[in-house]
Each structure stands twice: as structure tokens, then as C-alpha cells.
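The residues making up each chain are set out below.
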Amino acid sequence: MRRPPGFPFPLGEWRRAAGLRMEMALTEQTFEDPGVDNLAKEAHVSDIALSGERAKSAEIDRRQVLGKLGLFDRLFHKLTLSAAVLVLLLLGGVIVSLIQGSLPAIRAFGFGFLASQSWNPVTDNFGAMAPIYGTVTTSLIAMLVAVPVGLGVAVFLTELCPPPLRRPIGMAIELLAGIPSIIYGIWGLFVLAPFLQQYVQPALISTFADTPVLSTLFAGPPYGIGVLTAGLILGVMVLPFVASISRDVFETVPPVLKEAASGIGCTTWEVVRHVVIPYTRVGVIGGVMLGLGRALGETMAVTFVIGNAHKISGSLIAPGTTISATIANEFTEAVGDVYTSSLIELGLILFVITFVVLACARLLLMRIEQKAGA
Amino acid sequence: MSLYGSRRRANILAAALCWAAAIFGLSWLVMILGALVYEGAKGLSPDVFTQMTPPPGGAGGLLNAMAGSLIMSVIGVAVGAPLGMLAGTYMAEYGRYSRLTVAIRFINDILLSAPSIVIGLFVYELMVARMGHFSAISGSVALAILVIPVVLRTTEDMLLLVPGSLREAATALGLPRSYVIQRVAYRAAKSGLVTGVLLAVARVSGETAPLLFTSLNNQFWSLDLNAPMASLPVVIFQFALSPYKDWQQLAWTGALLVTVTVLVLSIAARTLSRQRTSK
């Protein structure tokens, strides 16, 4: 019989002890089974041959332990499965409860809710047009800021940035994404809005006073707060999402493609323009839509600076409102079924819009992931 | 020669614009952090940590709001993180190739970026409307619902990174599947799992919208989970929009505290996950 080098006991005992040790290790933390413990002690005392009865009881113990293990195994499987199903139920629950909550408003206004501009708690007459308009306008302004800058940052990080700076700058951009939205809100209210009111908006008003279309876009007194300010803040918030997703997507381009383009004499810009962007177009659009989804649903940053006025104004510097800001501002003060349920219906509309945008974004991003994997 | 010149110019212009974009992006971070530190540090005093939120126009601190935030975040993470982890375990270990997993991943990604105010409305309908009053526990539930998708996503990703040979080796020793997962896969992915929880805590500690109409606010010291409870973000919201200078100062200080917490947590999470990938 060969022994493992440097091993003092006979091999049989070593094996048995090792087996028992493993069983003990398996059982000691989970089960308080005195049987196994005793067996382990006895096994140390006794020699290789166990008496018949002991062998039998060991067999029974073994079966018990295995049975428990099997039971625990199945339980754990079911536990994880039910947690996974819970996520699906959660989404279902959100949709069902929002529909349920908005039933009174749906009954009262029907589809007219979507087209009506009025918002009058006194006469209980509500319409979603103004908040929807505000949500869409602020998000569009945000994307106008975030998409070009975000793409620029992504190109910078993947193509131009000196390697030692790449990681810190990437991290800083991601930190910008992690700052809670209420911080953007308070900063927008106390720093950005006064700045815009004092310097930017008067300049915009006087510059475009005589231009036909732009004069209506920048009409009215400079309040500081309003649709434009909210859109800018949103743009800053969405920027890191667009930048970091585009960067990840740009990194999926096989280096050999870029090298081939450089090899035939393309400049860096031409490589980006004719190789990187066409290759990643789907993913970039996905990233942009993901950012749009964020912008549409963003609440606190907007609530601070939008001004909360329920009217559709042609001017971008006038106060307005968005779906999320309306809910945040009015929900706790809403009295009466119809008022509350109108706000919940606004929430439902917001959820449906963002759901569609985010679902499209995910489908597009899944396509580029498959491409990268293939 | 002129073609060459125009291509060169286009290249230089594009590079300059990209540099400008990066500087523009970073300057926001600097401006926001700068304003926060400048305005927030002015109000930083022991009172902030020892006094309750003041009545209008008075002086005070943020103690009850900090305690409330802490309590609700802890409960939210304690409820949400295990659920997210179990669901992520199912997706990575048991149902890796099943259709259910694909569906859940899709739904989870949507929940991850769904507007948090809608989650607030959901919890309002689910709990507040039925109980008849605002309560800290419903705020915790809202936060837990926000924790689940974050933890689920990182758990799944991290477990998928654990090499299959480790699981096979453990299975060959006769370990039951649940033990393979708990003793081998979880251990191998430990720092990744911690990262997920840290990210979730960071996300939750700054959330305002879902708390506005679940836990509401409370001017006084309260540890009752069945009653409204103050939280830092909601207090910041209320105080910042008030006309009182003292309140606005407290809002800035609170904002500084929240930001520091969130940044420390997310930097810790990133350092942890980088250690893992560099190994």
C-alpha cells in the first residue's frame, strides 16, 4: 500500500477520515445533527472494521444526511426560481396597480385626457397635454446637449486620450452618472438658473428678437427657471450615460478593422467616421435611447427648475411642467379621487413611454452584443 | 496637396472638438462638486449631526433625517439585496439557457432605468392607500424595489464570470448543486457581489422621488416604522425650495453629505471590482 508522502496514518484510515471530514464540513454549519457528530467521534476511536450494527446505523445516518441535502438542494432551487419570478411579477404589479389607480380618471375623461390642456383642481378637470409636452421638450433639449458631447467624450476616451488618463477620466464620467438627481436639482436651482437668468437668457432674447422663429422660442422675461434650464440640467445628467455606453460600444470594434483603415492612410477622424461609427451604429442608437429613457423619467432635477406651470408655451425660457414634476409637486396635496387618479394616470403614461423607449434601446443593444459575441 | 491639407484640418478639428467635449463633461463634475463643497461646508457644524430639523426660520440640524435615511436604506437593502441575489443566482446557475432568464434579464434592464417616481406611485397604491397613512416601512419597500434590479444585474454578471471548471471540480467531489453555488461560486464571486450591494446602497441613498409619497417627511425624531419618517433627500427637497435662508443652508449641507456618501460608496465599489478584474 502506498502512502501519500509524509502522511503518518495508514491509507485506509486517512481516506475514511477525509471522507468523514468532508461530510462533517458539509453538515456542521447547516445541520445540527448529533448522529453524524457521534459517528465521527466513534470513527476515530474504532478501527477499520465497523461492527455490523454500526455499519447499518452509519448507512441510515448517511441516507438521512443525503435526504436532507437533497431536500435543501431542491428548496434552494425553488427559492432562487421564485425570486426570479418575483421580478417578473413586480413589473406586472406596477402596470396593474397603475391601471387600477387611474381607472377613475380614465372613466371621467377617456382619451380626451391625452389631448386636453386644462389642469384645474377646483373644477376637477384634468388633461395630460401640458405635462407630456414639457416632458418631450425637455428631453429633446437634453438629447441635443448630451448626444454630441457624449459621443465626443466616447471618441476621446477610445481614440485620443493618453493611456494614463483614460481610466481616471472614464471613472470621473461614471461618477457624474452616480450623483443623485436631487444634487443636480439643488445645483440647477441655486447656481445654474441665476447664471442663465443674468447672463445667458437676456443675451438670447436680445440676439433673436428680430429673427422670425427664434424670437418666439426665446420670448418673455428671463425667469431663470423654465423649460430650457430643465433641459440643460437633464442634458448634463444624461451625458455620462451616453458617453459610457458609447465608449463600451466603440470598444467592441475589432482592432484589425481600425488598423486596416489606418494602414491605407486614414486619419484618426476618418477611422472614426468611416469605420467605428458605421460598425457600432446600432449600439450607439441603443445607448442614446437608454439616455432618452432616463431623461423622460427623471424627476427631482427637473422639479427644482421647471417652474411648474400647467400651460404650453411656445417660448423655451418660460416655466412649464413635466409629467414627473407634476406628480412630485402635487401628489401629496391632491384631494379627491379624480385628482389623485389623474396623477396616477400621468404616471401610467410616463411608464408606458419610458417602457417603449427602454425596450427599443435594449433590443438594439442586444443586437450589438450578439455581434460582438459572434 | 490641398486634399491632404483639408483632411488634416478635418482631423485636427475633430480631435479638438473631442477634447473640448471631454473638458466640457468634466467641468460639470468640477463645478457641481465645487459649489457643493463651497456652499455645504459653510453650514457644517456639530449642530448638523446633533439637532433635529428646525421649524421654519429656526436653526437646527439634520439628525432625524440622517437616521431616517439610514434606517430606510438598511431595511431596503436588507430586503432587496437577498431577493436580487437569489434571482441572479437562478439566472446564472440554474436557468442559464432558459427562456425565462432571457425574459427576466430584459424586464430587469427596464426596471433598472424605469422612472423611480413610478415605483413610488406603485408602492403608494400597494401600501399607503391600503394602510391609510404614510409610513417609513412603505418607503423602505419602495427602496427595496429599486435595489433588486441593481443587485440582480451584478450578481448575474459576476456569477457568469466564475469559470465552469471550478463548478465541475466541486461537483466531481460529490457536492450537491446548492453547495457548489454557495461554497464555490459565491466565494469566487464574492467581491463582485459586494460591489453590487455597494452600488445599490449608493443608488438608494440619494433617491428622493419614491420617498415623497411613501415615507413623506417628519420634523421630529421618530423610529416608528409605521409612521412618516424624515429622510435626507426629502428634507433637502423641502428645504431648498423654501424661502428661509437657514433651511436653504441646511439643504446645501445635506446635499454635500449625501454626495460624499454616494461618491465614497461608488468609488469603493469600483476599486473592489477592479481588484477582481486585475487578478
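This is a predicted model, so every value here is computed, not measured. (Residues numbered from 1 in each chain as written. Chains lettered and ligands numbered in written order. Predicted model: local features only at pLDDT ≥ 70, side-chain atom pairs only at ≥ 80, totals over all residues. Heavy atoms only, no water.)

### Some points on the overall build of chain A
Part 1 of the argument: Along the backbone of chain A there are 14 helices and two strands.
Part 2 of the argument: Scored against the burial criterion, the 374 residues of chain A give a buried share of 48%.
Part 3 of the argument: Excluding contacts between residues fewer than 6 apart, the proportion of contacts in chain A whose partners are at least 24 apart in sequence is 73%.
Part 4 of the argument: On chain A, roughly 17700 Å² of surface is accessible, and the fraction owed to carbon and sulfur atoms is 65%. (Helix = DSSP H or I, 4+ residues; strand = E, 2+ residues; numbered from the N terminus. Buried < 20%, exposed > 50% of the residue type's maximum accessible area, 1.4 Å probe, protein only. Contact = heavy atoms within 4.5 Å. Areas by Shrake-Rupley, 256 points an atom, 1.4 Å probe, with all protein chains shown as cover.)

### Let's talk about the packing of aromatic side chains
Part 1 of the argument: In total, this model carries 21 aromatic pairs over all chains according to the counting rule given.
Part 2 of the argument: Each ring, one from Phe239(B) and one from Trp247(B), has its centre 4.1 Å from the other, and the planes form 15°; the classification is stacked.
Part 3 of the argument: An aromatic cluster is defined as three or more aromatic residues linked by ring pairs; in this entry it consists of Phe109(A), Phe113(A), Trp119(A), Phe126(A) and Tyr339(A). (Phe/Tyr/Trp six-rings, centres within 6.5 Å; stacked < 30°, edge-to-face > 60°.)

### Description of the interface of chain B and chain A
Part 1 of the argument: Residue-level contacts link 81 residues of chain B with 86 residues of chain A.
Part 2 of the argument: For the pair chain B and chain A, the two sides together bury roughly 7700 Å², of which 80% comes from carbon and sulfur.
Part 3 of the argument: Taken together, chain B and chain A are joined by three salt bridges.
Part 4 of the argument: Two residues, Glu174(A) and Arg270(B), come together in a salt bridge whose shortest N-O distance is 2.7 Å.
Part 5 of the argument: Summed over the shared surface of chain B and chain A, the number is six residue pairs in polar contact (both at pLDDT 80 or more).
Part 6 of the argument: Sorting elements by how many residues they give to the side of chain B that touches chain A places helix α1 (residues 2-42) of chain B first, with 18 residues.
Part 7 of the argument: Looking at the side of chain B that touches chain A residue by residue, the class counts come to 61 nonpolar, twelve polar and eight charged. (Buried area = accessible area lost by both parts, 1.4 Å probe. Salt bridge = Lys/Arg side-chain N within 4 Å of Asp/Glu carboxyl O. Polar contact = N/O pair within 3.5 Å; in protein donor to acceptor, adjacent residues only side chain to side chain. Nonpolar A, V, L, I, M, F, W, Y, C, P; charged D, E, K, R; others polar.)

### Considerations on helix α8 (residues 177-188) of chain B
Part 1 of the argument: With twelve residues, α8(B) extends 15 Å from end C-alpha to end C-alpha; this agrees with the ideal 16 Å at 1.5 Å per step.
Part 2 of the argument: Considered for burial, the residues of α8(B) that qualify are Ser178(B), Tyr179(B), Val180(B), Ile181(B), Val184(B), Ala185(B) and Tyr186(B). (Expected span 1.5 Å × (residues − 1).)

### Side note on empty space enclosed by the protein
Residues and elements named next belong to chain A.
Part 1 of the argument: Enumeration over the complete set of coordinates arrives at four cavities of 30 Å³ or more.
Part 2 of the argument: Roughly 50 Å³ of internal volume is contained in the largest cavity.
Part 3 of the argument: Forming the boundary of the largest cavity are Ala130, Tyr133, Gly134, Val227, Lys311, Ser313, Ser315, Pro319, Gly320 and Thr321.
Part 4 of the argument: When residues in the lining of the largest cavity are grouped by element, the largest group, three residues, is from helix α5 (residues 129-160).
Part 5 of the argument: Residues belonging to the lining of the largest cavity are distributed by class as follows: four nonpolar, five polar and one charged. (1 Å grid on protein atoms, 1.4 Å probe; cavity = no way out; pocket = protein on both sides within 12 Å on 5 of 7 lines; lining within 4 Å. Points joined across faces, edges and corners; volume = space filled by probe spheres on them.)

### Side note on the nonpolar core
Part 1 of the argument: Counting residues in hydrophobic clusters, the biggest one holds 174 residues, and the most contacted among them are Leu98(A), Tyr184(A), Ile327(A), Phe331(A), Leu346(A), Ile117(B) and Phe213(B).
Part 2 of the argument: Considering every element that reaches this core, the biggest residue donor is helix α14 (residues 337-373) of chain A, with 15 residues.
Part 3 of the argument: Lining this core are residues from two domains, each supplying at least three of them: domain 1 (2-41) and domain 2 (47-278) of chain B.
Part 4 of the argument: If we ignore the near neighbours within four places in the chain, the residues touching Ile117(B) are Thr299(A), Ser324(A), Ile327(A), Ala328(A), Leu350(A), Ala209(B) and Phe213(B). (Core = buried A, V, L, I, M, F, W, Y, C linked by side-chain atoms within 4.5 Å. Domains from an automatic or database assignment.)

### So, the environment of Phe109(A)
Part 1 of the argument: Along the chain, Phe109(A) turns up in helix α3 (residues 52-109).
Part 2 of the argument: Residue contacts for Phe109(A): discarding those within four places in its chain leaves Asp124(A), Asn125(A), Phe126(A), Val338(A) and Ser342(A).

### Digging into the domain arrangement of chain B
Residues and elements named next belong to chain B.
Part 1 of the argument: Once the domains are mapped, chain B shows domain 1 (2-41) and domain 2 (47-278).
Part 2 of the argument: Here domain 1 and domain 2 have C-alpha centroids that lie 33 Å from each other.
Part 3 of the argument: Contacts between the two partners involve seven residues from domain 1 and, on the opposite side, seven residues from domain 2.
Part 4 of the argument: Note on domain 1 versus domain 2: buried area summed over both sides is about 580 Å², and carbon and sulfur give 77% of it.
Part 5 of the argument: If you look at where domain 1 meets domain 2, you find two residue pairs in polar contact (both at pLDDT 80 or more).
Part 6 of the argument: Residues belonging to the side of domain 1 that touches domain 2 are distributed by class as follows: five nonpolar, one polar and one charged.

### Looking at the side chain of Ser341(A)
Part 1 of the argument: For Ser341(A), the position within the fold is in helix α14.
Part 2 of the argument: Setting aside chain neighbours within four positions, we find Ser341(A) in contact with Gly101(A), Ser102(A), Pro104(A) and Ala105(A).

### A look at the pattern of salt bridges
Part 1 of the argument: Counted by the stated rule, this structure contains 13 salt bridges over all chains.
Part 2 of the argument: Taking the shortest distance from any N to any O, the salt bridge between Glu159(A) and Lys258(A) comes out at 3.2 Å. Residue Glu159(A) is found in helix α5, and its partner Lys258(A) is found in helix α10 (residues 255-263); the two are separated by 99 residues along the sequence.
Part 3 of the argument: Judged by its relative accessible area of 22%, Glu159(A) is partly exposed.
Part 4 of the argument: For the salt bridge of Lys42(B) with Glu39(B), the shortest nitrogen-to-oxygen distance reads 3.5 Å.

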